[in-house]
Structures are given as structure tokens and as C-alpha cells.
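Residues per chain are reported as follows:
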Amino acid sequence: RRLPESTQSSSSAASDVYKRQHLNTLYVTTQGAYLSKEGETVVVKVDGQVKIQVPVHTIGGIVCFGNVMCSPFLMGFCAENGVAISFLTEYGRFLADVRGPVSGNVLLRREQYRRADDLNFSAQVAKSVLTGKIANCRAVLHRALRDHADKINEKEVRGAVLMLNHQLDFFKQDFSLDVLRGIEGDSARIYFSVFDHLIVAQKDVFYFDERNRRPPLDNVNCLLSFIYMLLMHDVRSALETVGLDPAVGFLHRDRPGRFGLALDMMEEFRPFLADRLALSLINLQQVQDKGFKKTDSGSVIMNDDTRKTVLVSYQERKKGEITHPFLGEKVTVGILFHIQALLMARYLRGDMDGYPPFVWK
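Residues numbered from 1 in each chain as written. Predicted model: local features only at pLDDT ≥ 70, side-chain atom pairs only at ≥ 80, totals over all residues. Heavy atoms only, no water.

**Description of the pairing of strand β1 (residues 24-28)**
Here β1 lies mainly inside the structure; four of its five residues are buried. Relative to strand β5 (residues 59-65), β1 is paired through five bridges, and the arrangement is parallel. For Asn24, the partnering residue across the bridge sits in β5 and is Ile59. (Buried < 20%, exposed > 50% of the residue type's maximum accessible area, 1.4 Å probe, protein only. Helix = DSSP H or I, 4+ residues; strand = E, 2+ residues; numbered from the N terminus. Pairing = 2+ DSSP bridges.)

Structural data, given as C-alpha cells:
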């Protein structure tokens, strides 16, 4: 007897996920560090002294900040083992990466390109992605009302929740990409208009007026931009692992140097993972004003200690467990990116009737 399509897909997705263990990302922030290969391990040395040595099979990726060097043999070794090495500036701007051969079936990528050229299909994917994003923004506000109702402007936050409910109602209809982008823009404005209320500690130095980037102009935006960059790295790697092209998106259209599909999929995770982590770090005073510096150009950057605090907290958050809303199974947060990439691939192949976004409950 043939199972319903969605049941077959979710069971198959669960099987694929359980074959893939949660792997850590190795972040190297110490300036002057040198990475090399020794046997089946990655060795990190500083001033000739070994600081850490880890088996390659336990690493999902390596991210190097600033003046960090890698031996050619290590680059080739990591490429052969599916471990991407990314190079960023000391403060997190992406520069380049080293990856092995593209994984996955070329037929999947060709289908992705065909589908991306279909504006009606792209609008359907965009609607799913934005449903996940707006629902998760609403969940963040609900959580703040539950945990800090006595410390925040409850009336304004509840008002924002009602407006986000109204935005979600729009998705009962079909709209063009341009209209969907307008809904997304309105929803982001509503959400960020009350974001400052969610900050309940260190209000004199951590405040949020509006979202700004390139460069971030205050401590909160600096923190958000850095965590978004970490999220981008993980989502992009997950997409490439299942054989999708992270540059060809549906909501975010093609632009040289932009990873459109990675940006699409990030939308679901920004509120749930990045925004919540930033708020926790501030409200629990794990980051402080002394860890940020305003440059002569007006941009705000983190110091090395603060960056390490954020990296450790991000890794710890990824180790937490959550029940996936579509699979109905407990998985680690770090595996969510791979699950959603896998579901997107199955949808593009025609194995599923729609793309189920990640919705935090």
C-alpha cells in the first residue's frame, strides 16, 4: 500500500537526518594562528605551539577570522572530506572559501534553475519562507510577553503581535513576488519597531532604534549582524551538502556575489536563532558595552573576547534539542539547516506538494 506523499517524504527526510550526526564548526579567531594537517586531524598552532587538534570527521566546517593561515595540504584534505574552510575579515566580513567538488545530482540543480525562472513558482516558495519568518517573529514576541511581561511595554508588543497575525492572513491568498516583498517589509518594520522593548537589561548601552548594517552603527546591530553572518555560513553549507546552489534563490533574486537561496532559508531562522541569541546575550549580561568599539567611520565592532563569547554561545545553542514541526522528531538545532535544505530539495524534485517552512512553537 502506497503511503501519502507527505508521509513518505517526512519519513525519508528523517532517515537521512539520522544518518548525519551533528558536527561542530571550528572557529579560529586568534591572529597569527596556523592550521595544518597531521594524520586525519586538523592542528591549530599559535607561535609554534599546538592549541587544539581535532579529528576531521568531527568537524562540519572551519571559519577563519582575520590573519589566520592554512597549509595547502590541509585545504586539500578538508576538500576531500567535505569540510569547507571560510575566510573572513577579523570582524566577520566574508572574503572567500575553499570547498571540494559540488555534491548532489546535477539534475537537482538544473531543476532549481528552471524553477527559479518561473515567477509563479518562486512566489509560492517565497510565501512559504515568509510564513515561517513572520510566524517565528510573532513567537519571539509571544515568548517575551510570557517571560518579561512586567518589564516590557506589554501594550505595544501585543499590538505588534496582532499586526503580525494580520500579515500572516495575507498568505491565504496568492500574490506576486513584489507584493510578497512588500508584506515582508511591513512585517519587518512591525517586528523591529518593538524589538527595543525586548531588551530588558543594560538599556543605557544596548538599545535598538532601527536595523542598520554595512556598517552596523550600534552595539545591538553589530551583534545581530555578526550572528546573521554565522547563520549564513551554516545555511549555505547545508544547501551545498544536499546539492542545491545557494546563489539561486526564489524570494531573493539573482545578484552577483549574493547567495539568494541561503538568504531565503535564513529568513526562517533569523528570529528563532539569531535574534533570540542576541537578546539572551544582552539580557543575561554575557556581552557588555566594553566589548564593543565605535570606529572613526562611525561603525561599531566587537573585540576579540566578545566575539569568542558569541561564538561559544552560538555553538551551544546549536546543541539544544527541539521537536521538528514537520518531521515530528527530536533533533538538535544545528541539524535544522540540513533538514530544511533536504526538504527544499525534495520539493524541487517533485517528491512533495509544497515546501514546509520551519515554524517554532
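What follows continues from the structure just given.
**Observations regarding the sheet that holds strand β2 (residues 34-38)**
The strand order β4-β3-β2-β6 describes an open sheet built from four strands, whose pairing is mixed. In this open sheet, the two strands that pair with only one neighbour each are β4 (49-55) and β6 (69-70). Of the strand pairs in this sheet, strand β3 (residues 41-46) and β4 are connected by six bridges, and their pairing is antiparallel. Among the inter-strand pairings, Thr41 is bridged to a residue of β4, identified as Pro55. In the packing of helix α2 (residues 72-80) onto the sheet, contacts are made with β2, β3 and β6, and the angle to β2 comes to roughly 65 degrees. (Contact = heavy atoms within 4.5 Å. Axes fitted to C-alpha atoms, helices over the stretch in contact; angles between N-to-C directions.)

**Details of the environment of Lys151**
By the element assignment, Lys151 lies in the loop between α4 (119-148) and α5 (154-169). By relative accessible area, Lys151 is classed as exposed at 53%.

**Here's the deal with the pattern of salt bridges**
Going through the model one piece at a time under the given rule, you end up with 17 salt bridges. Asp174 is the salt-bridge partner of Lys127, the closest N and O atoms lying 2.8 Å from each other. Residue Lys127 is found in helix α4, and its partner Asp174 is found in the loop between α5 and α6 (177-193); the two are separated by 47 residues along the sequence. A residue is classified by how much of its surface remains accessible, and Asp174, at 57% relative accessible area, is exposed. Beyond isolated ion pairs, a larger network of salt bridges with shared partners links Lys133, Glu184, Glu267 and Arg270. (Salt bridge = Lys/Arg side-chain N within 4 Å of Asp/Glu carboxyl O.)

**Focus: the sheet that holds strand β8 (residues 94-98)**
An order of β1-β5-β7-β8 is seen for the four strands of this open sheet, with the pairing classed as mixed. Every interior strand has two partners, whereas the edge strands, β1 and β8, have only one. Each adjacent strand pair in this sheet contributes to an overall mean axis angle of 20 degrees, direction not counted. This element, helix α9 (residues 304-319), spans β1 and β5 of the sheet and lies at about 175 degrees to β1.

**Side note on α9**
Under the 1.5 Å per step criterion, the end-to-end length of α9 is 23 Å for 16 residues, consistent within 8% with the ideal 22 Å. When we look at burial in α9, the residues that qualify are Thr306, Arg307, Val310, Leu311, Ser313, Tyr314, Gln315 and Lys318. The opening residue of α9 is Asn303, an N-cap whose side-chain oxygen sits 3.3 Å from the backbone nitrogen of Asp305. (Expected span 1.5 Å × (residues − 1). Polar contact = N/O pair within 3.5 Å; in protein donor to acceptor, adjacent residues only side chain to side chain.)

**Quick look at the packing of aromatic side chains**
Evaluated as defined, the whole model comprises 14 aromatic pairs. Pairwise contacts between aromatic rings join Phe269, Phe272, Phe337, Phe358 and Trp360 into one cluster. The ring of Phe77 has Lys37 lying over it, and the distance from NZ or CZ to the ring centre is 5.0 Å. Here Arg270 stacks its cationic end above the ring of Tyr228, 4.6 Å away from the centre of that ring. (Phe/Tyr/Trp six-rings, centres within 6.5 Å; stacked < 30°, edge-to-face > 60°. Lys NZ or Arg CZ within 6 Å of the ring centre and 35° of its normal.)

**Concerning unusual backbone geometry**
Not every positive phi belongs to a glycine, and Asp47 is a case in point at roughly 55 degrees. Along the polypeptide, Asp47 turns up in the loop between β3 and β4. Its relative accessible area of 74% is what places Asp47 among the exposed residues. Phi at Gln202 is positive, roughly 55 degrees, even though this residue is not glycine. When you line up the elements, Gln202 lands in the loop between α6 and α7 (219-241).

**A short note on α6**
Taking 1.5 Å per residue as the helical rise, α6 with its 17 residues ought to reach 24 Å, and the 24 Å between its terminal C-alpha atoms agrees with that figure. Those residues of α6 not exposed but buried are Leu177, Leu180, Ile183, Glu184, Ser187, Ile190, Tyr191 and Phe192. Structurally, α6 contributes buried residues whose contacts are with α4, α5, α7 and α8 (260-283).

**What about the state of the cysteines?**
Scanning the entire structure with this criterion turns up zero disulfides. With no disulfide of its own, Cys70 lies 4.0 Å from the sulfur of Cys64, the closest cysteine sulfur. The class of Cys70 is buried, set by a relative accessible area of 12%. (Disulfide = S-S within 2.5 Å.)

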